[in-house]
Amino acid sequence: MSLTQIGSNICFGGQQNRYQHQSNVLNCEMVFSVYLPAAAENGPCPILYWLSGLTCTDENFVTKAGAQKYAAEHGIIIVAPDTSPRGEGVPDDPDGAYDFGLSAGFYVNATEEPWSVHYNMYDYIIKELPTLINANFPVDASRVGIFGHSMGGHGALTIALKNPDIYQSVSAFAPIVAPLRCPWGQKALSNYLGSDQSIWADYDTTALIARGENKIPLFVDQGLADQFLEEQLKPELLEEACKAHDHPLILRRHDGYDHSYFFVASFMEDHIRYHAEHLSR
């Protein structure tokens, strides 16, 4: 697969680049961003995949999260994909709602029409995109972490729990931890996957923890002034699941912080340090 570079900026001694390519998995053209620290000029570096939330593209993280400074300090490459397929012929929410369709791929492989033709973000994140990255950038594919925000936090946690052979570390900011039990998740999973909730459970962090198949430690930050806290995010369900099944969890709650990138940027240094420690082992 060929890449076309569509942007480049020097940032903290490294390169913040943007690319587009034709995705065979999503059947459309996709865009993603890559931060290459100066250390990448000297050899392969560990890599972090960032998954963004509802309404976002790759650019929200690149311009608002403040991650480049810390990635440069630790010599880590960060890849930020888009949140859904896009382009002519890609279906969207028929009512134009923000929580389904474009910008809301939920990191699943859709099985229902018309979504199944394009909405296969799970395979894009764990298969197609890493193949492309590994072939074109100086990454150490044995040292891979994943993290994300909100819908992207849901994606990061579920993807890491199901793929212990790929990811050595995972963390999340204000993740959707139980989509089977919140309106955002119920809407997305029923439309993308149909009515069988046993299939939905493959994309629910608390359900995956209950299976006990992978004990990868989880690191989660949550703001207590988050407007989605009680109805959509429900971190107490994650806490309960981890306690019941002896799953390692660091869950930090922060007074006054909301759901925005102001919150994400405030604790980005902690998350990149956390991943750096795990990826250096």
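Refer to the structure printed above.
One structure accompanies this document, and this report is about it. (Residues numbered from 1 in each chain as written. Predicted model: local features only at pLDDT ≥ 70, side-chain atom pairs only at ≥ 80, totals over all residues. Heavy atoms only, no water.)

**Considerations on unusual backbone geometry**
Here the bond from Glu113 into Pro114 is cis, since omega is 0 degrees, no more than 30 degrees from zero. Even without a glycine there, the phi angle at Asn27 is positive, about 55 degrees. Mapping Asn27 onto the fold places it in the loop between β2 (14-23) and β3 (28-36). At Ser150, a residue that is not glycine, the phi angle is positive and equals roughly 60 degrees. Looking at Ser150, the relative accessible area reads 3%, which means it is buried. (Helix = DSSP H or I, 4+ residues; strand = E, 2+ residues; numbered from the N terminus. Buried < 20%, exposed > 50% of the residue type's maximum accessible area, 1.4 Å probe, protein only.)

**Considering the side chain of His271**
Structurally, His271 is set in helix α10 (residues 261-279). Using a relative accessible area of 0% as the deciding quantity, one classes His271 as buried. Residues in contact with His271, not counting those within four places in the same chain, are Phe147, Ser171, Ala172, Phe173, Phe219 and Asp221. (Contact = heavy atoms within 4.5 Å.)

**Describing helix α9 (residues 235-244)**
For α9, the full list of buried residues reads Pro235, Leu237, Leu238, Ala241 and Cys242. Along the long axis of α9, the arc covered by the buried residues comes to 155 degrees, so they all point the same way. Exposed residues lying more than 90 degrees from the buried face of α9 are Lys243 and Ala244. Lining the buried residues of α9 we find α7 (205-211), β8 (218-223), α8 (229-233) and β9 (249-254). Two residues or fewer after α9 comes Asp246, characterised by a positive phi angle close to 55 degrees. (Arc of directions from axis to C-beta.)

Function cannot be read off these values alone, since they describe shape.
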